[in-house]
Amino acid sequence: MSIPYGELVTVTPYASYVLQDNPGLMTLEGTNTWLLRAPGADRTILVDPGQNDAHPNEMSHLEAVLNAAGEIAAIVLTHGHFDHGEIAQQVRDRTGAPIRAIDPDLCVGAPALTDGEIIDSAGLKIQVWATPGHSSDSASFVIDDFGGHGGAVLTGDTVLGRGTTVVAYPDGDLGSYLASLRRLRELGDLTVLPGHGPVLQHAPEVVQFYLDHREQRLQQVRDALQVLGPDAGSMDVVRHVYTDVDEALWPFADLSVQAQLAYLRDETR
Ligand SMILES: [Zn+2]
């Protein structure tokens, strides 16, 4: 089956996405640009518009998103990494919609998002959860339920549709990340709408898998330090621990290991 780049894919009556053709080690098949709108509502909340196209001659992601979205009430970012928000300003230029994110420096025409805020728009009540860890400005967006269609949580890069995410040290922080996951684990049985990769059911189980994975990796790093000595470099730890991971991913694993070493230093202080 071919990957439906540029097509609008409906997941629930209130959430659809357009997949950007920007596959990569960190983006999986590409960035999921989410469109949130209740049936009958006249405007859309656009989450993570995406990045500039790598192949300018092909269909533009920007045009695909604008065609699918109709009138846009607000552009909202799960975090500031370029594969999520690089073309936010272009969407604003075309539509006049404000840009909102946890990081005030990313916002245009509206204030920063705050933890616990409810975005009451597009016929939906969307709760903002600050979920730092992957990056310091990561947010998740929770829709508890809509008209019996079940709830959903948009997780950006905090929880991906496949594999695990990178704690992008030094902006990313493992202690914050674990705390965010523990918070997300308390969600109801929502559908996970990730920033990359496929939609997942049963948010608490998905989050528990992430927590277990992190705990397992931490123990592997502790064990590696026993062997390598407490002053081992992060790449030495990567070579020791990440033997099950493609070497192409080791530079990213290195960021996560640096985050884990910083976490363990804090733990023993
Ligand atoms: Zn990211």
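This structure is a prediction, so every number in the text was calculated from the model and none was measured.

Reading the values: rules and limits
- Residues numbered from 1 in each chain as written.
- Predicted model: local features only at pLDDT ≥ 70, side-chain atom pairs only at ≥ 80, totals over all residues.
- Heavy atoms only, no water.
- 1 Å grid on protein atoms, 1.4 Å probe; cavity = no way out; pocket = protein on both sides within 12 Å on 5 of 7 lines; lining within 4 Å.
- Points joined across faces, edges and corners; volume = space filled by probe spheres on them.
- Helix = DSSP H or I, 4+ residues; strand = E, 2+ residues; numbered from the N terminus.
- Nonpolar A, V, L, I, M, F, W, Y, C, P; charged D, E, K, R; others polar.
- Phe/Tyr/Trp six-rings, centres within 6.5 Å; stacked < 30°, edge-to-face > 60°.
- Buried < 20%, exposed > 50% of the residue type's maximum accessible area, 1.4 Å probe, protein only.
- Pairing = 2+ DSSP bridges.
- Core = buried A, V, L, I, M, F, W, Y, C linked by side-chain atoms within 4.5 Å.
- Contact = heavy atoms within 4.5 Å.
- Donors = N, O, S within 2.8 Å, 3.2 Å for Na, K, Ca; no water.
- Tetrahedral: all angles 85-135°; square planar, octahedral: opposite > 155°, others 65-115°.
- Axes fitted to C-alpha atoms, helices over the stretch in contact; angles between N-to-C directions.
- Parallel < 35°, antiparallel > 145°, perpendicular 65-115°, else oblique.
- Left-handed = near helix turned anticlockwise from the far one by under 90°.
- Polar contact = N/O pair within 3.5 Å; in protein donor to acceptor, adjacent residues only side chain to side chain.

## Comments concerning the layout of surface pockets
In step 1: When its volume is computed, the largest pocket comes out at roughly 570 Å³.
In step 2: Taken together, the elements giving at least two residues each to the lining of the largest pocket come down to α2 (82–85), α5 (203–228) and α7 (250–268).
In step 3: The dominant element in the lining of the largest pocket, judged by the number of residues it contributes, is α7, at four residues.
In step 4: Broken down by class, the residue content of the lining of the largest pocket amounts to 13 nonpolar, nine polar and six charged.
In step 5: Here the second largest pocket defines a volume of roughly 190 Å³.

## With respect to the packing of aromatic side chains
For any pair of aromatic rings, the description consists of the separation of the ring centres together with the inter-plane angle of the planes.
In step 1: Under the defined criterion, the tally for this structure stands at three aromatic pairs.
In step 2: Judged by centre distance (4.9 Å) and plane angle (50°), the ring pair of tyrosine 17 and tryptophan 34 falls under tilted. One end of the pair, tyrosine 17, is in strand β2 (residues 15–19); the other, tryptophan 34, is in strand β3 (residues 32–36), with 17 residues separating them in the sequence. Summarising the burial analysis for this pair, tyrosine 17 and tryptophan 34 share the class buried.

## Re the environment of aspartate 137
In step 1: Inspection of the secondary structure puts aspartate 137 in the loop between β8 (124–130) and β9 (139–143).
In step 2: Separated by 87 residues in sequence, aspartate 137 and alanine 224 have C-alpha atoms that sit 31 Å apart.

## Regarding the pairing of strand β10 (residues 152–156)
In step 1: Taking burial as the measure, the five residues of β10 include five buried ones, the bulk of the element.
In step 2: Going residue by residue along β10, you find Ala152, Leu154 and Gly156 tucked away on one face and Val153 and Thr155 tucked away on the opposite face as well.
In step 3: Examined bridge by bridge, β9 and β10 share three bridges and lie antiparallel to one another. Across the sheet, residue phenylalanine 141 finds its bridge partner in β10, namely leucine 154.

## A short note on the nonpolar core
In step 1: Of all hydrophobic cores here, the largest spans 36 residues; its most connected members are Val153, Leu187, Val237 and Tyr242.
In step 2: Elements supplying a minimum of two residues to this core: α4 (174–184), α5, α6 (234–241) and α7.
In step 3: Leave out the neighbours within four places in its chain, and leucine 187 touches Trp129, Val142, Val153, Ala203 and Pro204.
In step 4: By size, the runner-up hydrophobic cluster in this structure holds 25 residues, among which are Tyr14, Ile102, Phe141 and Ala152.

## Focus on the coordination of the zinc ion
In step 1: With distances of 2.1 to 2.3 Å, the protein atoms coordinating the zinc ion are His79 (NE2), His81 (ND1), His134 (NE2) and Asp157 (OD).
In step 2: The coordination sphere of the zinc ion comprises four donor atoms, whose angles at the metal cover 92 to 163°; the geometry is irregular.
In step 3: Here the donor residues of the zinc ion are spaced in sequence according to H-x1-H-x52-H-x22-D.

## Some points on the packing of α5 against α6
In step 1: Here α5 crosses α6 at 110°, and the two axes come no closer than 10 Å. Judged on the interaxial angle alone, α6 and α5 are roughly perpendicular. You can see that α5 and α6 cross each other, and the crossing is right-handed. Contacts from Arg217, Gln220, Val221, Ala224, Leu225, Val227 and Leu228 in α5 reach Asp236, Val237, His240 and Val241 in α6.
In step 2: A breakdown of the residues in the contact of α5 with α6 according to their chemical character gives seven nonpolar, two polar and two charged.

## What about the side chain of threonine 27?
In step 1: Relative to the assigned elements, threonine 27 resides in the loop between β2 and β3.
In step 2: By relative accessible area, which is 8% here, threonine 27 ends up buried.
In step 3: A polar atom in the side chain of threonine 27 sits 2.6 Å from the backbone oxygen of asparagine 22.
In step 4: What threonine 27 contacts, discounting residues up to four positions off in sequence, is Asn22, Asp83 and His196.

## Section: the packing of helix α1 (residues 61–69) against helix α3 (residues 88–95)
In step 1: Remark: α1 packs on α3, axes separated minimally by 11 Å, with the N-to-C direction vectors making an angle of 50°. Of the possible angle classes, the one that applies to α1 and α3 is oblique. With respect to the hand of their crossing, α1 and α3 are arranged in right-handed fashion. Within the contact between the two elements, α1 uses Leu62, Glu63 and Leu66 and α3 uses Gln90, Val91, Arg94 and Thr95.
In step 2: Grouping the constituent residues of the contact of α1 with α3 by class yields three nonpolar, two polar and two charged.

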